[in-house]
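Observations on the model geometry
Each chain, letter by letter, is given below.
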Amino acid sequence: MVKYIFVTGGVLSSVGKGVVTSSIGKMLQERGFSVTVIKIDPYVNVDAGTMNPYIHGEVFVTEDGGETDLDLGWYERFLDLNLNKENNITTGSIYQSVIDKERRGDFLGRCVQIVPHITDEIKYRIRSVAEKSGVDVVLTECGGTVGDIEGLPFLEAIRQMRIEEGFDNTLYVHVALVPILDVTGEMKTKPLQHSVNELRRIGIQPDIIVARCSKMIDAEAVRKIALFGTIPKEAVFCSYNVPTIYLVPQKLDEQGMGDYICRRLKLRGKKPSWKTWNAFVESLLNPKYEIKVALVGKYAGLSDSYVSMNEALRHAGAKCGVKVTIDYIEAEVFEESPGDIESLKNYDGIFVPYGFGPRGSEGKIMAINYARTHDIPFLGICFGFQLAVVEFARNICGLKGANSTELDPDTPHPVIDLMPEQRNVKYKGATMRLGGHEIVIKEGTLAYKLYNSRRIVERHRHRWEVNPKYWKVLEDNGLVFSGSSPDGRRKEILELPDKYFFFASQFHGEFKSRPGKPDPEYYGFVKSCLDRKLGKPRPEL
Ligand code: GLN
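Read on for a plain summary of the structure. On a predicted model such as this, the values are computed, not experimentally measured, just so you know. Here the residue index of a chain counts from 1 through its sequence in written order. Two thresholds apply to this predicted model, a pLDDT of at least 70 for residue-level local features and 80 or more for giving and counting side-chain atom pairs, whereas whole-chain, interface and lining totals are computed over all residues. Hydrogens and waters are ignored; side-chain quantities use all the structure's heavy atoms.

With respect to the environment of Pro191
- Numbering of helices and strands runs from the N terminus, with a helix taken as a DSSP run of H or I at least four residues long and a strand as a DSSP run of E at least two residues long. Looking at where Pro191 falls in the secondary structure, it is placed in helix α7 (residues 190-202).
- The exposure class of Pro191 is partly exposed, given its relative accessible area of 30%.
- C-alpha separation for the pair Pro191 and Ala176, spaced 15 residues apart in sequence, amounts to 8.2 Å.
- For this analysis, residues touch if any pair of their heavy atoms sits within 4.5 Å. Apart from residues no more than four positions distant in its own chain, Pro191 is found in contact with Val11 and Pro179. Summary of the burial criterion: residues with accessible area below 20% of their type's maximum are buried, those above 50% are exposed, and those between are partly exposed, where the area comes from a 1.4 Å probe applied to protein chains only.

Printed below as a string of structure tokens:
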């Protein structure tokens, strides 16, 4: 019988539910259970694909091409899972299928209502993930905060699941903030108590409460949370600030959370060892060296816009024994004061991430040019790959005014152009080239060294690509396309063999990077930054 764990949040959003959910999954995996994770996002968007990363954070792309909430990235990284689009449920997607059914006449003349039709659809979606994945435990994180109007149908659905699945097969975990007053240093549990009341008003009595607090909560706070939350003290846990979030699972497990969950759900597992996980955390926390990377982007003010990239750089850093410090630089700064580009000489590596639209693109091209002409290790991802082609076309191939048609539709040299199948696309949602696609790697190249394979599968999210009409002139001038699609129709990787490390990909390696298993392109970049800093002649990859 599959077990269901539901995680809700109280007091405010961004309280760390995603990390607690991932940590529960990790504790269960350590005990030998298989898990999957669903994220519920109560917004009306059908998926996260049309949302601005500057407001909502990065769009995480799954192997099957889902454009999902960034929490799925945390689940994948913590749990080393490949999730599917179905693992992200939104209000929009639920209503879309219910309305489709209504239009088809599936409801046979009945009045279609939030209860039972919307709630039934939510339960159906959760159960079908359980069925398809065949796991022991399904974790479902409800986004937002209890009390939000838009979250109500979801809470109602998970409330019903307790009745339908049984007490031993369902568990409610509530995560809420416990602030500490500046003046007195007191831990205040009242907001948490109110959020528990809000949850009960809907009919859900939490089984476990996790207090999110900057410090470990004291005995008095535990007593109050247990008393007013109507749970035993052993069911109160604390997620406090730690040097890296990868430490959260052990910190919760040390408090007895993993064992408590297993007892409560009647799961008998093996003793957790944490060996592999600890080895990764240790290497992350005890670096021998430090490198500084300039991330030249457009959403530099919100590091969550680049969360998978940040983590991929960290995973690579842990493997090399190096702390990677990332400075987020707004590309537009270079356009406004070109002299500032010289500040890049202080960095061990230059990184140009994904991006959309013209704002800041010339600044990014300037940064790529600086990396190339000063032989500073460079990694470009997606938009960064496309702009590296533009820079090379303009400054090495002499193609004046070369550009991507995304940025300048009238460019005399459209070295980056819309993919033919994108020309007539009108709907913006889920219409990019998305998800895992195969790439063939040329032997004898840096890419081949990094991936040590002739074929790889990497995740994508783009509409534009290198224009086949310009392949020859680019290659004749020394640009090496070391990876292409198997049908030979599109270029996927570029490199400059005479440089210390100049590498870019149309795909996003960061989505598949995991703790202890860094993605090859990120690893190659970080290792090169370090080797160059240490004065080594060429990266020994
Ligand atoms: N804007 C570019 C495209 O659509 C790059 C997208 C990206 O960086 N993810 O092709």
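Side note on the sheet that holds strand β12 (residues 349-352)
- Only strands joined by at least two bridges in the DSSP assignment are considered to pair. Sheet architecture is open: nine strands sit in the order β11-β10-β12-β13-β21-β20-β19-β16-β17, paired in mixed fashion. Bordering the open sheet on either side are β11 (322-330) and β17 (455-462), each of which pairs with just one other strand. Strand-to-strand, the axes of this sheet are offset by a mean angle of 25°, without reference to chain direction.
- The pairing of strand β10 (residues 289-297) with β11 spans nine bridges and is classified as parallel. What sits directly across from Leu295, in β11, is Tyr328.
- Across the sheet, helix α12 (residues 307-320) lies against β10, β11, β12 and β13 (378-381), angled at about 155° from β11, the strand it touches most.
- Inter-axis angles, ranging from 0 to 180 degrees, are taken between N-to-C directions of lines fitted to C-alpha atoms, where helices are fitted over the stretch in contact. Helix α18 (residues 520-533) contacts β10, β11, β12, β13 and β21 (502-505) of the sheet and is inclined by roughly 120° relative to β10.

A word on unusual backbone geometry
- Each neighbour pair has its own omega, and for Val115 with Pro116 the value is 10°, a cis peptide bond.
- For Pro116, the location among the structural elements is in helix α5 (residues 114-133).
- Positive phi, normally seen in glycine, also occurs at Thr230, with a value near 55°.
- Tracing the chain through its elements places Thr230 in the loop between α8 (219-229) and β9 (236-240).
- Within the chain, Asp375 stands out as a residue other than glycine whose phi angle is a positive 50°.

Some remarks on the environment of Cys238
- In this structure, Cys238 sits in strand β9.
- Note: C-alpha distance between Cys238 and Thr21 (217 residues apart in sequence) is 13 Å.
- Non-local contacts of Cys238, meaning those with residues more than four positions away in its chain, are made with Val210, Ala211, Cys213, Lys215, Met216, Ile217, Leu252 and Gln255.

Brief notes about the packing of aromatic side chains
- Each Phe, Tyr or Trp ring, with Trp reduced to its six-membered ring, pairs with another whose centre is within 6.5 Å; inter-plane angles below 30 degrees give stacked pairs, above 60 give edge-to-face pairs, and intermediate values give tilted ones. Evaluation of the coordinates by the stated rule reveals 22 aromatic pairs.
- Aromatic pair Trp74 and Phe78: ring centres 6.2 Å apart, planes at 65°, arrangement edge-to-face. On the criterion of helical spacing, the pair formed by Trp74 and Phe78 is a turn pair, its members being four residues apart in helix α3 (residues 71-79). Across the pair, exposure class does not vary: Trp74 and Phe78 are buried alike.
- Ring centres 6.2 Å apart and planes at 40° place the aromatic pair Tyr299 and Tyr306 in the tilted group. For the residue pair Tyr299 and Tyr306, the accessibility class agrees, reading buried in each case.

Description of the pattern of salt bridges
- Salt bridges are defined by distance alone: a side-chain nitrogen of Lys or Arg within 4 Å of a carboxyl oxygen of Asp or Glu. Under the criterion given, the structure shown has 45 salt bridges.
- With a closest N to O distance of 2.6 Å, Asp80 and Arg514 form a salt bridge. Taken as a pair, Asp80 in the loop between α3 and β5 (88-90) and Arg514 in the loop between β21 and α18 lie far apart in primary sequence, 434 residues in all.
- In this structure, the salt-bridge partner of Asp106 is Arg104, at a minimum N-O distance of 2.8 Å.
- Here the salt bridges do not stand alone but share partners, grouping Glu63, Glu76, Asp80, Arg459, Lys512, Arg514 and Lys517 into one network.

Here we look at the environment of Ile245
- Within the element layout of this structure, Ile245 appears in the loop between β9 and α9 (248-254).
- Linking Ile245 and Val46, residues 199 residues apart in sequence, is a C-alpha distance of 29 Å.
- If near-sequence neighbours (up to four positions away) are discounted, Ile245 is found in contact with Val19, Trp74 and Phe78.

Comments concerning the site of the ligand
- Throughout, near means a residue has at least one heavy atom within 4 Å of the molecule or strand. Around the ligand sit Tyr354, Gly355, Phe356, Cys382, Phe383, Gln386, Glu406, Arg461, His462, Arg463, Trp464 and His508, and that is every residue in its neighbourhood.
- Take Arg461: an N or O atom from its main chain is 2.9 Å from a nitrogen atom of the ligand.
- Distance and chemistry together define a polar contact, namely a pair of N or O atoms within 3.5 Å, with one atom able to donate a hydrogen and the other to accept it when in protein, and with adjacent residues in sequence counting only for side-chain atoms on both sides. A distance of 2.8 Å is found between an oxygen atom of the ligand and a backbone nitrogen or oxygen belonging to Trp464.
- Using a 1.4 Å probe, the Shrake-Rupley method yields the accessible areas, and only the shown protein chains count as cover for residues. For the ligand, whose unbound accessible area comes to 300 Å², protein coverage reaches 99%.
- Only α15 (383-395) and β17 provide two or more residues apiece to the shell around the ligand.
- Across the shell around the ligand, the residue classes tally to five nonpolar, four polar and three charged. Note that Gly is not counted as nonpolar here; it falls among the polar residues with everything else outside the nonpolar set of Ala, Val, Leu, Ile, Met, Phe, Trp, Tyr, Cys and Pro and the charged set of Asp, Glu, Lys and Arg.

Digging into helix α14 (residues 361-373)
- Along its 13 residues, α14 runs 18 Å from first to last C-alpha, staying within 8% of the 18 Å computed at 1.5 Å per residue.
- Among the residues making up α14, those that are buried are Ser361, Gly363, Lys364, Ile365, Ala367, Ile368, Tyr370, Ala371 and Arg372.
- Next to the buried residues of α14 lie β10, α13 (332-336), β12, β13, α15 and β21.
- Immediately downstream of α14, the backbone of Asp375 shows phi near 50°, a positive value. Multiplying 1.5 Å by the residue count of a helix minus one yields the expected span of that helix.

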